Amino acid sequence: MIRLDRYLCEMGEGTRSEVKELLRKGRVSVDGCPEKNPARKVDEKSVQVCVDGRLLSYAKNVYFLMNKPAGLLSATRDGHGRTVLDWMREREPENALLKRDLFPAGRLDKDTEGLLLITDDGALAHRLLSPARHVKKTYYVETDGTLSEEACDRLREGVEIGEEERTRPAEIRETKLEGCAEQSRAAYLLTITEGKYHQVKRMMQSQGRTVTYLRRVSMGPLVLGDTLPVGEFRPLSPEELAALEPAGSGVREMLSGIDTVIFDLDGTLVDSMWVWPEIDVEYLGRYGIQLDERLQGDIDGMSFTETAEYFKERFGIPDSVEKIKEDWNRMAEEKYLHQVSLKKGVREFIEACREKKWKLGIATSNSRQLVEGVIGAQGLTDAFSCILTSCEVGKGKPAPDIYLAVAERLGTDPAHCLVFEDIEPGIRAGKAAGMRVCAVKDEWCQTPEAQMRKLADYYIADYTALI
């Protein structure tokens, strides 16, 4: 939780005094309601803050991948020339994220092109640049002539470039020369694990060659690729951000200080989301109604009863709510018992939790008949000390009721609970209950992965990451 004025400042909406003026004038709303109190505490991962009707998307840190052009300085500010940040802000003057205290993680010489990470995450920059970590950086290098195989071998072993120590062993291989058939030139891909001043140029000079063109093509897990033109920049993708996380750190943090794990069912514990579109098509087809593509998004998080009530009202179903639920149970039961499988790695993770004597629960919007059926079919009935459905607590997700009820029955503090969810309303429910939430990737989820990562505390593709 952070103060609202700090939230607005971190989002680039102005200085502390400027955002207080925004609040005073009523230009800010929180979760749809006007807000003027700068000291109000908000959950930065789940709150919806708007300025002049424009929804902000909170990011604790900012990460841009830039294809740096020659002629720009890798600096935050410089009195002698234009910097990469000057360049970015000139091109997107309305981008609030570019108003933050950004800096290039590492440097490229003024005449060097290629991959440059722009961020405000000092810890990440340290991990990438620390000499002790030996992060690989690969360059496309054009020289004024071909290197002999002996020269390449010397570079692979380490060479003298006027420093106290030789360079660390490098990787080098000849590659195709881009856009030029000039016989007097050659091109190489050179990978180094340190960042001495003008290092690539000095390494080539030590072997009698001059660098005529230089471009960084990768740094650690980040790869420039062919889709980002020179001079352009873009935010890092969720996959790139995940690749930058130190191995195992997120898992250790996620599993520390908890004694209870609570799972949603569909799409989280079992791969069952595919069942319901088939059932919806068949069920609505009985009444000559075509499935609406928006339906799944409309009913996400609703309890089984709330969903039946929604169908009855929206589609004019003549049957009672109880009859609708009975029909759905009958249609789904065979699939849940014989075709639905556990999410990858979840069985092993459950066993690891039981070895630690952690309490396990299920909080689902599905029917009790189906949840007990599929858990029994998977041989996991004894693993869970509490199974609750939203129908039994009265409200579906994103209301926190079901998670709070499971914690109460298990006799545990919500602060010591870890929730696994696959949809946005479920994540919001877990967060509203004061619990840590890990989002689980599911192909049927309609919320973009980037949004899921922002809402949840953690994100996993499957449970094998936790074992």
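The coordinates are above.
Keep in mind it's a predicted model, so treat the numbers as computed, not measured.

Novice: Whenever I open this one, the overall build of the protein confuses me. Can you help?
Specialist: Counting secondary structure elements, the protein contains 18 helices and 23 strands. Once the C-alpha set of the protein is aligned to its principal axes, its extents read approximately 85 × 55 × 50 Å. Residue burial in the protein is summarised as follows: out of 467 residues, 52% are buried. Of the contacts formed within the protein by residues at least 6 apart in sequence, a portion of 66% connects residues at least 24 apart. Surface summary for the protein: the accessible area is close to 22300 Å², and the carbon and sulfur share equals 48%.

Novice: Help me understand the side chain of Gln378, please; the structure alone is not making it clear to me.
Specialist: Relative to the elements of secondary structure, Gln378 occurs in the loop between helix H14 (368–377) and strand E20 (386–389). Leaving out residues up to four positions away in the same chain, Gln378 has contacts with Val340, Ser341, Leu342 and Arg347.

Novice: Just to check I follow, could you spell out the packing of aromatic side chains for this structure?
Specialist: Across all of its chains, the model carries 17 aromatic pairs by this definition. Relative to Phe349, the ring of Phe263 has its centre 6.4 Å away and its plane inclined at 80°; by these criteria the two rings are edge-to-face. You can see Phe263 sitting in strand E16 (residues 260–263) and its partner Phe349 sitting in helix H13 (residues 346–355), a full 86 residues away along the chain. Judged by its relative accessible area of 2%, Phe349 is buried. Note on Phe304 and Trp328: the rings are 5.7 Å apart at their centroids and 70° apart in plane angle, and the pair reads as edge-to-face.

Novice: Can you help me understand the pairing of E20 in this one?
Specialist: Sheet faces and side chains relate simply in a regular strand, where the side chains alternate between the two faces. Of the two faces of E20, the one holding Cys386 and Leu388 and the one holding Ile387 and Thr389 are both buried throughout. Pairing of strand E19 (residues 359–364) with E20, which is carried by four bridges, proceeds in the parallel orientation. Residue pairing in the sheet places Ala363 in a bridge with Leu388 of E20. In this fold, the crossover linking E19 to E20 by way of H14 has right-handed handedness.

Novice: Looking at this model, I keep getting lost on unusual backbone geometry. Mind explaining?
Specialist: Leaving glycine aside, a negative phi is the common case for residues, and trans is the common case for peptide bonds. A cis amide bond, omega 20°, links Lys397 with the succeeding residue Pro398. The topology assignment puts Pro398 in the loop between helix H15 (390–393) and helix H16 (401–410). With a phi close to 50°, Asp31 is a non-glycine residue in the positive phi region. Positionally, Asp31 belongs in the loop between strand E2 (28–30) and strand E3 (33–34). You can call Asp31 partly exposed: its relative accessible area is 46%. The phi dihedral of Asp52 falls on the positive side, at around 55°, and the residue is not glycine.

Novice: What am I meant to see in the environment of Ile387 here?
Specialist: Counting through the fold element by element, Ile387 comes out in strand E20. When the C-alpha positions of Ile387 and Arg409 are compared, they lie 9.6 Å apart, and in sequence the two are 22 residues distant. Leaving out residues up to four positions away in the same chain, Ile387 has contacts with Ile362, Arg368, Val371 and Glu392.

Novice: Help me understand the packing of helix H9 (residues 275–285) against helix H11 (residues 304–315) in this model?
Specialist: How two helices pack is summed up by the angle between their axes together with the distance between the axes. Running from amino to carboxyl end, H9 crosses H11 at an angle of 35°, the nearest separation of the two axes being 13 Å. Crossing of H9 over H11 shows right-handed handedness. Taking contact as the criterion, the partners of Trp276, Asp280, Tyr283 and Leu284 in H9 are, on H11, Phe304, Phe311 and Phe315. Class assignment for the residues of the contact of H9 with H11 results in six nonpolar, no polar and one charged.

Novice: For this particular structure, what's the right way to read the nonpolar core?
Specialist: Nonpolar side chains in soluble globular proteins generally cluster together in the buried interior. The biggest cluster of nonpolar side chains holds 52 residues, and the ones touching the most others in it are Phe263, Phe384 and Phe420. With six residues, helix H12 (residues 321–338) is the largest single contributor of residues to this core. Here Phe384 is in contact with Phe263, Leu269, Ile350, Leu360, Gly361, Ile362 and Ile375, once residues within four sequence places are set aside.

Novice: What is the right way to read the sheet that holds E20 from this model?
Specialist: Each strand in a sheet pairs with another by means of backbone hydrogen bonds, the pair being arranged parallel or else antiparallel. The sheet built from six strands is open, its strands ordered E20-E19-E16-E21-E22-E23 with parallel pairing. Of all the strands in the sheet, just E20 and strand E23 (458–460) have a single pairing partner and so form its edges. Put simply, the sheet's adjacent strands are angled 20° from each other on average, direction ignored. Direction of pairing for strand E21 (residues 417–421) relative to strand E22 (residues 436–440): parallel, over a ladder of four bridges. Across the sheet, residue Val419 finds its bridge partner in E22, namely Val437. Its contacts with the sheet place H13 against E16, E19 and E21, and it is angled at close to 155° to E16.

What counts and how
- Residues numbered from 1 in each chain as written.
- Predicted model: local features only at pLDDT ≥ 70, side-chain atom pairs only at ≥ 80, totals over all residues.
- Heavy atoms only, no water.
- Helix = DSSP H or I, 4+ residues; strand = E, 2+ residues; numbered from the N terminus.
- Buried < 20%, exposed > 50% of the residue type's maximum accessible area, 1.4 Å probe, protein only.
- Contact = heavy atoms within 4.5 Å.
- Areas by Shrake-Rupley, 256 points an atom, 1.4 Å probe, with all protein chains shown as cover.
- Phe/Tyr/Trp six-rings, centres within 6.5 Å; stacked < 30°, edge-to-face > 60°.
- Pairing = 2+ DSSP bridges.
- Right-handed = clockwise from strand over helix to strand, strands pointing away.
- Axes fitted to C-alpha atoms, helices over the stretch in contact; angles between N-to-C directions.
- Left-handed = near helix turned anticlockwise from the far one by under 90°.
- Nonpolar A, V, L, I, M, F, W, Y, C, P; charged D, E, K, R; others polar.
- Core = buried A, V, L, I, M, F, W, Y, C linked by side-chain atoms within 4.5 Å.

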